[in-house]
Amino acid sequence: MYPANFEYLKASSIADAVRLLSENPGAKLLAGGHSLIPLMRFRLARPEVLIDIGGVDGLRGVTVSGDTINIGALTTHATIAASADVQRANGLLAEAASGIGDPAVRNRGTIGGNLAHADPASDWATVLTALGATISVQGPSGSRSVAAGDFIEDAFAPALAEDELITTVSVPVLAANQRAEYAKMSHPASFYAVVGGAVVVTMDGNRCTAASVAVGGLTPRPVKAASVEQALSGTTLTMDSIADATSRLGDDISAAGVDVIGDVFASADFRARIAPVEVKHALLHAIDLAHH
Ligand SMILES: Cc1cc2nc3c(=O)[nH]c(=O)nc-3n(C[C@H](O)[C@H](O)[C@H](O)COP(=O)(O)OP(=O)(O)OC[C@H]3O[C@@H](n4cnc5c(N)ncnc54)[C@H](O)[C@@H]3O)c2cc1C
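Presented here is a report on the structure given in the accompanying data block. (Residues numbered from 1 in each chain as written. Predicted model: local features only at pLDDT ≥ 70, side-chain atom pairs only at ≥ 80, totals over all residues. Heavy atoms only, no water.)

## A look at the sheet that holds strand β7 (residues 142–147)
Read from one edge of the open sheet, five strands run β4-β5-β10-β6-β7, paired in antiparallel fashion. Each end of this open sheet is capped by a strand with a single partner; those strands are β4 (62–65) and β7. Shown here is a sheet whose adjacent strand axes are inclined to one another by a mean of 25 degrees, direction ignored. Examined bridge by bridge, strand β5 (residues 68–72) and strand β10 (residues 165–172) share five bridges and lie antiparallel to one another. When the bridges of β10 are listed, I69 appears paired with V171. (Pairing = 2+ DSSP bridges. Helix = DSSP H or I, 4+ residues; strand = E, 2+ residues; numbered from the N terminus. Axes fitted to C-alpha atoms, helices over the stretch in contact; angles between N-to-C directions.)

## Things to note about the packing of helix α11 (residues 239–246) against helix α13 (residues 268–286)
Contact geometry for α11 and α13: axes closest at 9 Å, N-to-C directions at 145 degrees. Every pair of crossing elements has a handedness; the one defined by α11 and α13 is right-handed. Judged by residue contacts, M239, I242, A243 and T246 of α11 engage P276, V279, K280, L283 and L284 from α13. For the contact of α11 with α13, the per-class residue count stands at seven nonpolar, one polar and one charged. (Left-handed = near helix turned anticlockwise from the far one by under 90°. Contact = heavy atoms within 4.5 Å. Nonpolar A, V, L, I, M, F, W, Y, C, P; charged D, E, K, R; others polar.)

## Quick notes on the pairing of strand β12 (residues 193–204)
Counting buried positions along β12 gives 11 out of 12 residues, so the element sits mostly inside the fold. Once strand β11 (residues 178–186) ends, the chain turns through six residues before running back antiparallel as β12, passing F191 with a positive phi of about 70 degrees. Note that β12 and strand β13 (residues 207–216) share nine bridges and pair antiparallel. Directly across from M203, in β13, lies its bridge partner C208. Linkage of β12 to β13, two consecutive antiparallel strands, is achieved through a turn of two residues, within which G205 is found at a positive phi near 65 degrees. (Buried < 20%, exposed > 50% of the residue type's maximum accessible area, 1.4 Å probe, protein only.)

Take a look at the structure:
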């Protein structure tokens, strides 16, 4: 189906995009268009104004500065996957980007569009939550930063006002003694995460001194798994200790107060049972007890 009629505007800068958003309530930003255009074609979204940010300088590209990787909101998944700087500084980002969709999706879809769309099946929200990333947002009264773990409030509901746009995603460079991995059960056609688990472990030999664990796909927003993290911290990582830690994931999902999603792809019960398995896979990969 064709989308309903809309007015097309092109932003020339970040400030211009904010101005156009403020002047056109209900307008939508257009980045890669891979989520927005299908919604418009199905008439599930009918914005009267589209603001194309594709030509805005300063929203695209990756820079590594000290301990931080800064990724412009318009940077495509393919660019992130192929970046030698990203591969060196935080291999998990490159790995997650290369597992998104197919080549067309990776070459058009952007990290900012992905986060703003806030699909529960997004890979980025889960991975960036585990990595402790920060999302910078620009609005009429200036810029603000939101922790990735707080950015998705509910399914398709990002922590963004109508007149704000995402400018940058900032991710810590991994330390030499940190390992990070992501494992997902993906939908066989789209590769969206039915269930995904992301982990970052700080190691002292075989002992884990700190852990960050997030799961997504099965819940409206990613869940940070505090009791799994606690069980891993201070523990020598073995098949048994990892199995014990991941068995606590259900407690974290209950504590988060979110419902597990059940749909035509997978029931809620199936997703809840698979989630610890995916976190276990990620941990085993992280400490080289398993390989992709
Ligand atoms: C077939 C298919 C398979 C996919 N598989 C996966 C997958 O495996 N894993 C995964 O994580 N994702 C997947 N995706 C999603 C895809 O990766 C894109 O990230 C996603 O479509 C949105 O990015 P976009 O740049 O296309 O955004 P758009 O479609 O242009 O925009 C999406 C929404 O974000 C808003 N927006 C865009 N940029 C900004 C910004 N800078 N600030 C604020 N708001 C903004 C728009 O107004 C719109 O509401 C898939 C998509 C398709 C179509």
